[in-house]
Amino acid sequence: RLESIQELQKVLELKNLPNRIEGFDISNISGLFAVGSMVVFENAEPVKTEYRKFKIKTVKCSDDYLMMKEIVNRRYRRLQDQGSPLPDLVLIDGGKGHLRIAKEALEDLGITNLPIMALAKGEEEIYAPNINSPLILGRNSKALLLVQYIRDEAHRFTIQYHKILRKKGMSESE
């Protein structure tokens, strides 16, 4: 576990070990039942009691970028308001565009020193603001396996919440 965090620190060129990582994902069907989630990993292990669900409140169309911006903004505005510490790394499910919009959400709050990355499905490309071209780590890389685990857990948690709301919404419309 420590190896995966150390490797991640090295490939992302982070000053500190990313002991606490918060991962974000969103889910919707053409803008309907739009939700987001955040999962928390400490020392490469899920901390399920700290997972959070978000109903998308401000985005009425199917715009994944704006939905991601909303949940990242809400999460870190709340931490600021509570005076709570920030994580060591933010992981966004998506590519270059998702990273850009999440970084923008942080900057809107005056948070400019929080390490952030995105993991794009498919080629499993890693994007980070300080890295010019996407990183592609070996399939057996411990850092890649860790960020895939976090991304997949965020996705699972989001889909689970989305299904609950969809089922509830459909039963209410009958």
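Residues numbered from 1 in each chain as written. Predicted model: local features only at pLDDT ≥ 70, side-chain atom pairs only at ≥ 80, totals over all residues. Heavy atoms only, no water.

Student: Would you take a moment to explain helix 3 (residues 96-108) for this structure?
Tutor: Because the α-helix completes a turn every 3.6 residues, residues three or four places apart line up on one side. Over its 13 residues, helix 3 runs 18 Å from end to end, which matches the ideal 18 Å to within 8%, given 1.5 Å per residue. Within the sequence span of helix 3, burial applies to Gly97, His98, Leu99, Ile101, Ala102, Ala105 and Leu106. Buried residues along helix 3 sit in contact with helix 2 (64-82), strand 5 (89-93), strand 6 (116-120) and strand 7 (125-127). Just beyond helix 3, the residue with positive phi is Gly110, at close to 80°. (Helix = DSSP H or I, 4+ residues; strand = E, 2+ residues; numbered from the N terminus. Expected span 1.5 Å × (residues − 1). Buried < 20%, exposed > 50% of the residue type's maximum accessible area, 1.4 Å probe, protein only. Contact = heavy atoms within 4.5 Å.)

Student: Can you walk me through the packing of helix 2 against helix 3 in this structure?
Tutor: Two quantities define a packed helix pair, namely the angle between the helix axes and the distance between the axes. Look at helix 2 against helix 3: their axes get within 8 Å of each other, and the N-to-C directions meet at 35°. Note on packing geometry: the crossing formed by helix 2 with helix 3 is right-handed. Between helix 2, through Asp64, Tyr65, Met68, Lys69, Val72, Asn73 and Tyr76, and helix 3, the contact on the second element is made entirely by Gly97, His98, Ile101, Ala102, Glu104, Ala105, Leu106 and Asp108. (Axes fitted to C-alpha atoms, helices over the stretch in contact; angles between N-to-C directions. Left-handed = near helix turned anticlockwise from the far one by under 90°.)

Student: Sorry if this is basic, but what is going on with the pattern of salt bridges here?
Tutor: Side chains carrying opposite charge are able to pair once their charged atoms draw close together. Summed over the entire model, instances satisfying the criterion amount to 15 salt bridges. Of the charged contacts in the structure, one is a salt bridge between Glu22 and Arg20, with a shortest N-O distance of 3.2 Å. Overall, the relative accessible area of 1% leaves Glu22 in the buried class. Look at Arg20 and you get buried, because its relative accessible area is 15%. As a salt-bridge pair, Glu107 and Lys103 come within 2.6 Å of each other at their nearest N and O atoms. Taken as a pair, Glu107 and Lys103 lie in helix 3 at a separation of four residues, close to a single helical turn. It is possible to trace a salt-bridge network through shared partners that takes in Arg20, Glu22, Glu42, Glu50 and Arg75. (Salt bridge = Lys/Arg side-chain N within 4 Å of Asp/Glu carboxyl O.)

Student: Is there a simple way to think about unusual backbone geometry in this case?
Tutor: When glycine is set aside, most residues are seen to have a negative phi, and most peptide bonds are trans. Positioned with a positive phi, Asn43 is a non-glycine residue whose angle comes to about 50°. Residue classification places Asn43 among the partly exposed positions, given a relative accessible area of 45%. Phi is positive for Ala44, which is not a glycine, with a value near 70°.

Student: Before we go on, may I ask you to explain the packing of aromatic side chains in this structure?
Tutor: The geometry of two aromatic rings is summed up by the distance between their centres and the angle between their planes. For the structure shown, the criterion picks out three aromatic pairs. When the centroid spacing of 5.0 Å and the interplanar angle of 70° are considered together, the rings of Tyr51 and Phe157 count as edge-to-face. With a gap of 106 residues between them, Tyr51 in the loop between strand 3 (45-46) and strand 4 (52-55) and Phe157 in helix 4 (residues 142-173) connect regions that are remote in the sequence. Exposure remark for Tyr51: the relative accessible area of 7% places this residue in the buried category. (Phe/Tyr/Trp six-rings, centres within 6.5 Å; stacked < 30°, edge-to-face > 60°.)

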